[in-house]
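Understanding the architecture of this molecule
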Amino acid sequence: MEGKRSCLSSSIPSDLLRRIRKLTLSILTNLSNGQSPVVQIDRFRNYCTETSGNCYCNCGISVGKELLTLQRECHTRRLDVLLRVLLVVQTLLQQNRHGSKRDIYYMHPTVFKEQSVVDRAINDICILLQCSRHNLNVVSVGNGMVMGWLKFSEAGRKFDCINNPNTAYPVPVHVEDVEIDIIGVARYILVVEKESVFQRLANDSFCTRNRCIVVTGRGYPDVPTRRFLRLLIEKLHLPAYCLVDCDPYGIDILTTYRFGSMQMAYDAKFLCVPEIRWLGVFPSEVEKYCLPQQCLLPLTREDKTRVEAMLLRCYLRREAPQWRFELDLLLSRGLKCEIEALSVQSLSFLSEEYLPSKIQGGVYI
Ligand SMILES: [Zn+2]
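Residues numbered from 1 in each chain as written. Predicted model: local features only at pLDDT ≥ 70, side-chain atom pairs only at ≥ 80, totals over all residues. Heavy atoms only, no water.

1. Some thoughts on the coordination of the zinc ion
Formally: Metal sites are built from N, O and S donor atoms within 2.8 Å, or 3.2 Å for Na, K and Ca, and they leave out water, so they may look incomplete. A run of H or I in DSSP becomes a helix once it reaches four residues, and a run of E becomes a strand once it reaches two; helices and strands are each numbered from the N terminus. Only protein chains enter the calculation, and the probe is 1.4 Å; a residue is then buried if its accessible area is under 20% of its type maximum, exposed if over 50%, and partly exposed in between.
Ligation of the zinc ion by protein atoms is provided by C48 (SG), C55 (SG), C57 (SG) and C314 (SG), these donors lying 2.2 to 2.4 Å from the ion. Mapping the donors of the zinc ion onto the primary sequence gives the spacing C-x6-C-x1-C-x256-C. Within this pair, whereas C48 is found in the loop between β1 (39-43) and β2 (64-68), its partner C314 is found in helix α12 (residues 314-319), the two being separated by 266 residues in sequence. The residues C48 and C314 share a single accessibility class, namely buried.

2. Here's the deal with the sheet that holds strand β10 (residues 189-192)
The condition that has to hold: DSSP-based pairing: two strands are paired if at least 2 bridges between them are found. The contact definition used throughout considers only heavy atoms, calling two residues in contact when any of these lie within 4.5 Å. What counts as an axis is a line fitted to C-alpha atoms, over the stretch in contact for a helix, and the angles between N-to-C directions run from 0 to 180 degrees.
With mixed pairing, six strands are arranged side by side in an open sheet as β8-β5-β11-β10-β12-β13. Two strands lie at the open edges of the sheet, namely β8 (169-170) and β13 (277-280), each paired on one side alone. Bridge count for strand β5 (residues 145-148) against β8 is two bridges, and the pairing is antiparallel. Residue V146 lies in a different strand from β8, and its bridge partner there is Y169. Contacting β5, β10, β11 (213-216) and β12 (240-243), helix α6 (residues 195-203) crosses the sheet at an angle of about 20 degrees to β5.

3. Things to note about the nonpolar core
We count it as follows: Nonpolar cores were defined as sets of buried Ala, Val, Leu, Ile, Met, Phe, Trp, Tyr and Cys residues, with membership established by side-chain atoms within 4.5 Å.
In terms of nonpolar packing, the biggest core is built from 76 residues, with I189, L190, I213, V214, F228 and L243 touching the most fellow members. With residues near it in sequence (within four places) discarded, L190 still touches L201, F206, I213, V214, V215, Y241, L243, L279 and L355. One finds V39, L86, L92 and I125 within the second-largest nonpolar core, a separate group that totals 37 residues.

So, to be careful, I would describe these as geometric facts and stop short of saying anything about function.
Shown next, in the form of structure tokens:
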């Protein structure tokens, strides 16, 4: 354990610019003295495989440090990337402009070679400067969508979703500039894994009939979607349920909403949604809803490996034993299915029977 991460005044650009100058100055001083710079980066994780429960995962406490020096070639390359990205960030902050991770990549594509190299450098910079990604004026292109009983504004631009609760709006990217206008109108928030299911619910006027808000991250949720969802829950104090495929990917997406991702474990406090409940589709429901054999697919070898690894995650043991039980059942039965398999009963079964009955009956974990 190496000390706690603080995010006090880090969102003030002048403060960040001062930290950037301090960091680059220390590197330059080392270099001008003929020494290798040493850049210390705290490491965070959102889970481990400890069974004791005595770990510091996902609580903003670093679990070690990484030292980057010029003694190793791979570190030299990382420092090169880090300083190039830092320069872009500095310019964005100085000019009060925003850029995407993709914009940054295209500034030196031959050096960066792939997007993940830039993404890693941005995460390292956030850790070094003790801030969140949006504080650097780096935004991702929003992938999420929202519809339902909600009014909000983003930097003065108004979005009146209630006018047509079954129309999709993009999730705002600048979540720090969002204000939620109406409190206490919707009854709950439903998060769905897939766009196809989101569209199904829109077609069935699900939000109108159930007075709710529906959000989708379209697969693994990006940072704006997770921040927006957190903002909704904090401001509206509504229960949030999550509907995912009954397969390892679906359940991993579910865990990303609740526990965050390993890459951004340093910012878990701002990205996790601990309140979210798993609404379905549970492995234990396959029989209850009489899904025919042709809707069920056998788990592949890769699926099984993925589930076995997920079963070891400390947060499931500690905070979600019922999720772990269902995951175990998925593995022992060896069969997976998609949410859409429920449509085998009828096209509107999902929106008219499955979801309302589960929410009203409290059948979530
Ligand atoms: Zn742990």
